[in-house]
Amino acid sequence: MSDCCHRCARRSWLVGRLAGHIEKARADRVAVRTLLALPSARLIAAVGGARAGPVSEAMAGLDPEAVLAGWREAGAWTVCRHSSGYPPRLAVLPDPPAALHVVGPPARLPELAGAPAVALVGARRCSPEGARIAAGLGRGCSAAGVTVVSGMALGVDAAAHRGALESGGATVAVLAGGPERAYPARWRRLHAEIASRGAVVSELPPGTPSFRWGFPARNRIIAALAGLVVVVEAAAHSGSLITAEIAADLGVTVGAVPGGPGSLLAEAPNELIRDGAVLVRDAADVLEELVGVRPREAPATEIEPELAEVAELVAAGVGSTEEIALRVGHGAAVLSSLTRLELLGVVQRLGPGRYAPGAAPWRVAGR
């Protein structure tokens with residue numbers, strides 16, 4: 001399926017064709033956006049170099065239907081800015097992509113783009129606590145019907161996507177290269193899960209490799225798709241701040257998760273909060289900002305004291321059964337305790353031998 005006019009197909013083909021030339025131009029993030037806003041002839045002249053003539057000739061002789069068919073064969077469907085299926089939020093960009101290439105069910109992108117959306121971004125080398133917070137935000141927001149948008153990078157991005165998927169919801173991943181190819185490659189399974197239930201999108205056509213300039217360029221799409229951009233963890237000069245800056249320029253609200261004053265990964269979020277960003281502690285803060293409603297807290301589940309030690313360890317980020325058994329000292333009872341806690345919703349199973357905090361609040365009986 002494609003819903004892309006010939007004009008936009010030509011333009012999208014051109015951006016993909018010139019991707020390597022844009023990389024060689026060594027344009028910074030501001031210059032990249034200036035380039036992407038240029039008309040096609042001027043873009044070719046600006047970065048084409050000695051290949052400008054051949055590229056112009058190839059574009060003049062292009063068969064858009066054949067190009068669209070090739071993209072479909074690669075596993076992506078294409079929607080252009082003249083289509084009703086194109087996310088309307090991208091219209092606020094001064095340099096909107098002529099087309100988006102999408103891997104996933106065709107009906108999902110319009111559905112997800114039409115819902116309240118939060119972008120969760122942050123450090124690739126985040127802390128275990130940062131990953132836990134990102135996953136919790138993704139899980140809670142998705143469960144409440146909020147679309148979670150991120151870039152499928154290492155660290156915070158991947159944790160946010162996984163949290164959204166764990167809740168049974170869907171999520172949108174915006175890539176810096178062709179959408180049919182997982183980047184980084186280790187996320188093949190995550191890419192497949194997002195594509196099966198949500199949408200993996202890119203302005204670059206299938207087959208286009210990821211270049212450095214593509215990451216700040218894709219950040220503008222992430223920011224524009226969201227009603228709130230939340231920085232979970234990031235150092236002072238993190239690329240995540242690019243997304244926050246773009247969001248602020250577009251009039252999109254910026255939020256941040258506070259951290260300890262001594263943590264390098266808390267520098268950017270704390271600075272954003274100091275400068276007026278919304279303080280985000282949990283999914284309830286996101287929902288209150290996006291839809292003006294703070295969900296009522298569910299009554300706390302009472303758990304027996306013998307379960308509390310295990311629940312507290314999982315809440316502190318100790319997620320493996322082996323480590324919990326070492327801490328508790330009676331390994332035979334750990335699996336039984338975890339199973340009971342999982343049934344109560346206090347913890348959730350992430351995979352073989354791995355657990356994370358669940359959605360249910362809890363307290364120790366008798367306290």
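What you see is a predicted model, and the numbers here were worked out from it, not measured in a lab.

J.: Any details on the overall build of the chain? Residues and values, ideally.
T.: Scanning the chain from terminus to terminus reveals 17 helices and 14 strands. Compactness check: the chain gives a C-alpha radius of gyration of 22 Å against a globular reference of 21 Å for 367 residues, within 12% of the reference. By principal-axis analysis of the C-alpha atoms, the chain measures approximately 80 × 45 × 35 Å. For the chain, buried positions account for 52% of its 367 residues. For the chain, contacts bridging at least 24 residues in sequence account for 72% of all contacts bridging at least 6. When the accessible surface of the chain is totalled, it reaches about 16,200 Å², and 54% of it is carbon and sulfur.

J.: Report on the nonpolar core, specifying residues and quantitative values.
T.: Counting residues in hydrophobic clusters, the biggest one holds 38 residues, and the most contacted among them are L90, L100, V149, V174, V229 and L272. Counting residues in hydrophobic clusters, the runner-up holds 29 residues, among them I22, A52, A99 and L204.

J.: With reference to specific residues and values, describe the packing of aromatic side chains.
T.: This model, assessed by the stated rule, comprises 1 aromatic pair. Taken together, a centroid distance of 5.6 Å and an interplanar angle of 50° make the contact between Y183 and F215 tilted. In this pair, Y183 is assigned in the loop between strand 6 (171-174) and helix 10 (188-197) and F215 in helix 11 (residues 214-225), connecting sequence segments 32 residues apart. Judged by relative accessible area, which is 41%, Y183 ranks as partly exposed.

J.: So what about the pairing of strand 12 (residues 347-351)? Which residues, and what values?
T.: It is a general feature of regular strands that their side chains alternate between the two faces of the sheet. Pairing geometry for strand 12 and strand 13 (residues 354-357), over 4 bridges, is antiparallel. By the bridge assignment, G351 is partnered in strand 13 with R354. Hairpin connection, strand 12 to strand 13: the antiparallel pair is bridged by 2 residues, and G353 has positive phi, about 70°.

J.: Any details on helix 6 (residues 64-73)? Residues and values, ideally.
T.: Buried residues of helix 6: P64, V67, L68 and W71, and no others. For helix 6, the angular spread of buried residues about the axis comes to 95°, placing them on one side. Where helix 6 is buried, its residues contact strand 1 (2-3), helix 1 (6-17), strand 2 (77-80) and strand 3 (99-103). Residue D63 occupies the N-cap position of helix 6, its side-chain oxygen lying 3.2 Å from the main-chain nitrogen of E65. Two residues or fewer past helix 6, G75 is found with a positive phi of approximately 105°.

J.: Residues and numbers for the pairing of strand 7 (residues 199-202), please.
T.: Of the two faces of strand 7, the one lined by A199 and V201 and the one lined by V200 and S202 are each fully buried. Pairing between strand 3 and strand 7: 3 bridges, direction antiparallel. Bridging from a neighbouring strand, V103 pairs with V200 of strand 7. In this fold, strand 6 hands off to helix 10, which returns the chain to strand 7; that crossover is right-handed.

J.: Break down empty space enclosed by the protein for me, citing the residues and quoting the values.
T.: All chains considered together, the criterion is met by 3 cavities of 30 Å³ or more. Of the volumes computed, that of the largest cavity is approximately 40 Å³. For the largest cavity, the full set of lining residues is R89, L109, L112, A113, A117, T147, V149, V172 and L225. Only helix 7 (108-114) and strand 5 (147-150) provide two or more residues apiece to the lining of the largest cavity. With 3 residues, helix 7 is the single largest residue contributor to the lining of the largest cavity.

J.: Tell me about helix 15 (residues 305-315), and please be specific about residues and values.
T.: Buried within helix 15 are the following residues: L307, A308, V310, A311, L313 and V314. Check the buried side of helix 15 and you find it contacts strand 11 (301-303), helix 16 (321-328), helix 17 (334-344), strand 12, strand 13 and strand 14 (362-364). Looking one or two places after helix 15, you find G317, whose phi comes out positive at around 100°.

J.: Give me the lowdown on unusual backbone geometry, citing residues and values where you can.
T.: Here the bond from Y183 into P184 is cis, since omega is 0°, no more than 30 degrees from zero. For P184, the location among the structural elements is in the loop between strand 6 and helix 10.

J.: Describe in detail the pattern of salt bridges, supporting the description with residues and values.
T.: Scanning the model with the defined rule gives 14 salt bridges in all. With a closest N to O distance of 3.0 Å, R33 and D95 form a salt bridge. With R33 in helix 3 (residues 29-36) and D95 in the loop between strand 2 and strand 3, this pair connects stretches of sequence that are 62 residues apart. Among the ionic pairs, R189 bridges to E193, the shortest N-O distance being 3.5 Å.

J.: Before we move on, could you go through the environment of G85 and cite the residues and values that matter?
T.: Position of G85 relative to the elements: it lies in the loop between strand 2 and strand 3. Given a relative accessible area of 17%, G85 falls into the buried group. In the structure, G85 is positioned 82 residues away from D3 in sequence and 7.8 Å away in space, judged by C-alpha atoms. With residues up to four places along the chain from it excluded, the contact list for G85 reads V79 and P110.

About the cut-offs
Counting of residues starts from 1 at the beginning of each chain's written sequence and follows it residue by residue. Side-chain atom pairs in this predicted model are given and counted only at pLDDT of 80 or more, local residue features only at pLDDT of at least 70, and totals for whole chains, interfaces and linings cover all residues. Excluded from the side-chain calculations are hydrogens and water; all other atoms, namely the structure's heavy atoms, are used. Runs of H or I in DSSP of at least four residues are treated as helices and runs of E of at least two as strands, each being numbered from the N terminus. In this setup the radius of gyration rests on C-alpha atoms only. A globule is expected at 2.2 Å times the number of residues raised to 0.38. A 1.4 Å probe rolled over the protein chains alone gives each residue an accessible area, and that area as a share of the maximum for its type sets the label: buried under 20%, exposed over 50%, partly exposed in between. Throughout, a residue-residue contact means that at least one pair of heavy atoms, one from each residue, lies within 4.5 Å. Only the protein chains shown count as cover for residues, and all accessible areas are computed by the Shrake-Rupley method using a 1.4 Å probe. Only buried Ala, Val, Leu, Ile, Met, Phe, Trp, Tyr and Cys residues count toward a nonpolar core, and they belong to the same one when joined by side-chain atoms within 4.5 Å. By convention, a stacked pair of Phe, Tyr or Trp rings (six-membered ring in the case of Trp) has centres within 6.5 Å and planes under 30 degrees apart, an edge-to-face pair has planes over 60 apart, and any other such pair is tilted. A pair of strands is labelled paired if DSSP reports no fewer than 2 bridges between them. The reported arc concerns the directions from the helix axis to the C-beta atoms and nothing else. N or O atoms closer than or at 3.5 Å make up a polar contact, with two conditions inside protein: a donor-capable atom paired with an acceptor-capable one, and, for residues adjacent in sequence, both atoms drawn from side chains. Handedness of a crossover is defined as follows: orient the strands so they point away from the viewer, and if the path from the first strand over the helix to the second runs clockwise, the crossover is right-handed. Site definitions follow a grid-based scheme: protein atoms alone, a 1 Å grid, a 1.4 Å probe that fits but cannot get out for cavities, and for pockets an open set with protein on both sides within 12 Å along at least five of seven lines, plus lining residues having an atom within 4 Å of a point. Grid points are joined across faces, edges and corners, and a volume is the space filled by probe spheres set on the points. For salt bridges, the criterion is a side-chain nitrogen of Lys or Arg within 4 Å of an Asp or Glu carboxyl oxygen.

These figures capture arrangement, not role.
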